Amino acid sequence: MLESGTMTLGVNYWASHAATEMWSRWDAGAVDRDFQSLAEYGTTLVRVFPLWPDFQPITLLKDAGHPGGRPHEMRMLENGFEIPLPDTPAGRCGVSELMMLRFETLADLAEKHGLKLIVAIMTGHMTFRQFVPPALDGRDIFRDPIALKWEALFLKYFVSRMKKHPAIFAWESGNESNLLSHAYHPEEAWVWIRYIHGIIRENDSSRPVIGVSGLTVSPENGRSWLIADQAELSDYLTVHPYPMWKKAGTEEFNEIRNLLFTTAESRLVEEVGGKPCFVEETGTWRPISADLDGMGAAVRGMLWNLWANDCRGLLWWCAFDQDSFDIAPYDWVQPGLEHGILTADRKAHPAAESMKLFRDFLDTLPFRKLPRSKPDAICLLEDSEIANAVCILAHQAGLSLEFQAPAAPLKEAPVYFLPSAKGRAGLSTRRWEALLEKVRNGATLYLALDDTVLTHLAEVCGAVLTSRFESNDRMEYVFDGFRLHLPRNVSSRMKPLAAKILAEDADGNPVFFEHTYGKGKVYTLALPLERIVLNTPHGFNTDAWKVYASILPKKHPIGSSNPKLIVTEHPFDDRKTACVLVNCSMETMNEKLTLDSDWEIESFHSDRSDVRLTGLSIHMPMNSGALLMLKRR
């Protein structure tokens, strides 16, 4: 599960008949049929949610005569009645024995159908609603000592009781547990996760513990849940990329912006954190994104891109449509209800067919692990938001970039990218100087200015800012061999000192420079290209990627002139390599590929029969993928 070079397929699971009420309206037969259907469509990993107030139904009785009441006694709610805590291991922890028996049955059914479980133990947040035991209602889950005590008791009992079950793959604090309260500082987020993960590990050291989602590179703008902190405390990291809440949702669901969104988020978190990361949730509001066939195609494209970029796994949100419930939160206005790969009565949507076909494709390959592409450059990135733009432009240019946090010790690389460098781009004085030392010793630096205030820029770039003004227009930029017509909010006029001018705007102002700095090169772009194309609908339909290609030309053994036919290379050894091709557009492609004379095609593979290779001509329907195995002549 979730090994590098492999692809695990799964879902987030609430029972088809009852959703969040599945534990109180328990139906083992329905769960059995649900799991059978999921296994038939390629699912091997299922994320499940013991709803916290169902499993720990504690209520706090208080003395009268004090403001707000003084805590007197903890009891349990059973069938609407308050009962003393039973004098049993479960009772002393406020845990319902009945719910634990039901969870054991669920785990047994998962084992029966060959499914592994991620257990989000303390599920207190779900679909815009908070679910906490009555005793803890209104208490600060991250700080209140009564809350912390009963959290510990619940986790201790649940993990110690279930740790011997073979169906359980990993533990998790809960679902998006960072939303249970508010961490005002990164230290608060660190302390709470350290406390929770420590309790889990004390009671089961044999399984991985998964960190929370919603992480960022930098603590700027009040962000508290940091990639580096959570990587320190977790065995796996996760992302929950939903395009409708990010810039990926500004274009068609089946276009390149969205199809590489999950990939970009996952790669950023894994490479910055240094811990394995996978897509634990993704989905969309289907009525405003695509029809059912389009959704199936998009899932296919996402899977190919995730696999090609070693993103380890995709768990779709969610298993079943939730369109037949009038219970909270499903009758609130916020949730979407048509997220499933299966209908509420277990009929397969095309998305489920895509998952099954991809699972079958992986199972028939002549190898188990796809080698990771070798990085061509390091990308120093503080702003997580622009990771998607960097990822897309790099892929269109045929490049593989490795993300790194600017605050971390600088890794060795021949080329460094500093995209849309806002302010100091997260670089301290010593980190900036370390980067410049790499360049002076022969490395290449690409720097896209975004009101950048790093020191000695005139010396580093060989050009100096002469004026800056805000604007609200579009400008044409003329490069060698291509032109870009882009919006601009800020115009920064520069003049060369010792740098060579590589491009100008339509008014004749230089915007792209090449400068020798020590033994290395600095390429300076006087506009935040990544932020502009990210904020511009269909910004990736431009030739913006050619800026990256001009800095670091790259040629794969198999090539294409179509910037939406993404090619990645995966060397097994000097004589054997694989190339993965993904159609990241809504159009059917009929492309003539190029093949390096040193290589020949050994075999061709796809998950669909309508993807065909004839000689070097490839036919690829929208969002489809192909694998070409090559051997050296």
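For the structure itself, consult the block above.
Here the structure is a predicted model, which is why all the values come from computation and not from measurement. (Residues numbered from 1 in each chain as written. Predicted model: local features only at pLDDT ≥ 70, side-chain atom pairs only at ≥ 80, totals over all residues. Heavy atoms only, no water.)

Visitor: Is there a simple way to explain the packing of helix H4 (residues 97-112) against helix H5 (residues 145-162) in this structure?
Guide: When two helices pack together, their arrangement is given by the angle between the helix axes and the distance between those axes. Their axes nearest at 12 Å, the elements H4 and H5 cross at an angle of 40 degrees. Considering the angle they form, H4 stands oblique to H5. Both H4 and H5 take part in a crossing whose hand is right-handed. Between H4 and H5, the residues in contact are Glu97, Met100, Leu101, Phe103, Glu104 and Ala107 and Tyr157, Phe158, Arg161 and Met162, respectively. (Axes fitted to C-alpha atoms, helices over the stretch in contact; angles between N-to-C directions. Helix = DSSP H or I, 4+ residues; strand = E, 2+ residues; numbered from the N terminus. Parallel < 35°, antiparallel > 145°, perpendicular 65-115°, else oblique. Left-handed = near helix turned anticlockwise from the far one by under 90°. Contact = heavy atoms within 4.5 Å.)

Visitor: Hey, could you run me through the nonpolar core in this one?
Guide: One recurring pattern in soluble globular proteins is that nonpolar side chains are buried together. By size, the foremost hydrophobic cluster in this structure holds 200 residues, and its most contacted members are Tyr13, Leu106, Trp307 and Leu418. Looking at which element gives the most residues to this core, the answer is H5, with ten residues. Setting aside residues up to four positions removed in sequence, Trp307 forms contacts with Gly5, Thr6, Met7, Phe358, Phe361, Leu362, Leu365, Phe367, Leu370, Val580 and Leu627. Core analysis: the next-biggest nonpolar cluster, separate from the first, contains 14 residues, Ile558, Leu581, Met589 and Trp599 among them. (Core = buried A, V, L, I, M, F, W, Y, C linked by side-chain atoms within 4.5 Å. Buried < 20%, exposed > 50% of the residue type's maximum accessible area, 1.4 Å probe, protein only.)

Visitor: I keep staring at the pairing of strand S2 (residues 45-48) and nothing clicks. Help me out?
Guide: Remember that side chains alternate between the two faces of the sheet whenever the strand is regular. A two-sided burial pattern is seen for S2, the buried positions comprising Leu45 and Arg47 on one face and Val46 and Val48 on the other. Pairing analysis gives three bridges linking strand S1 (residues 8-12) to S2, with the strands arranged parallel. Directly across from Asn12, in S2, lies its bridge partner Arg47. On the question of chirality, the crossover connecting S1 to the parallel S2 by way of helix H1 (residues 28-40) is right-handed. Examined bridge by bridge, S2 and strand S6 (residues 116-120) share four bridges and lie parallel to one another. Counted as the bridge partner of Val46 is Leu117 from S6. (Pairing = 2+ DSSP bridges. Right-handed = clockwise from strand over helix to strand, strands pointing away.)

Visitor: What is the right way to read unusual backbone geometry from this model?
Guide: Glycine aside, a negative phi is what most residues show, and trans is what most peptide bonds show. A cis geometry characterises the amide bond from Trp317 onward to Cys318, with omega recorded as 0 degrees. A cis amide bond links Ala328 with the next residue in sequence, Pro329, at an omega value of 10 degrees. Along the polypeptide, Pro329 turns up in the loop between strand S13 (313-316) and helix H11 (350-363). Of note, His456 is a non-glycine position whose phi angle comes to about 55 degrees, a positive value. Looking at where His456 falls in the secondary structure, it is placed in the loop between strand S17 (444-452) and helix H14 (457-461). The phi angle at Asn623 is positive, at roughly 60 degrees, despite the residue not being glycine.

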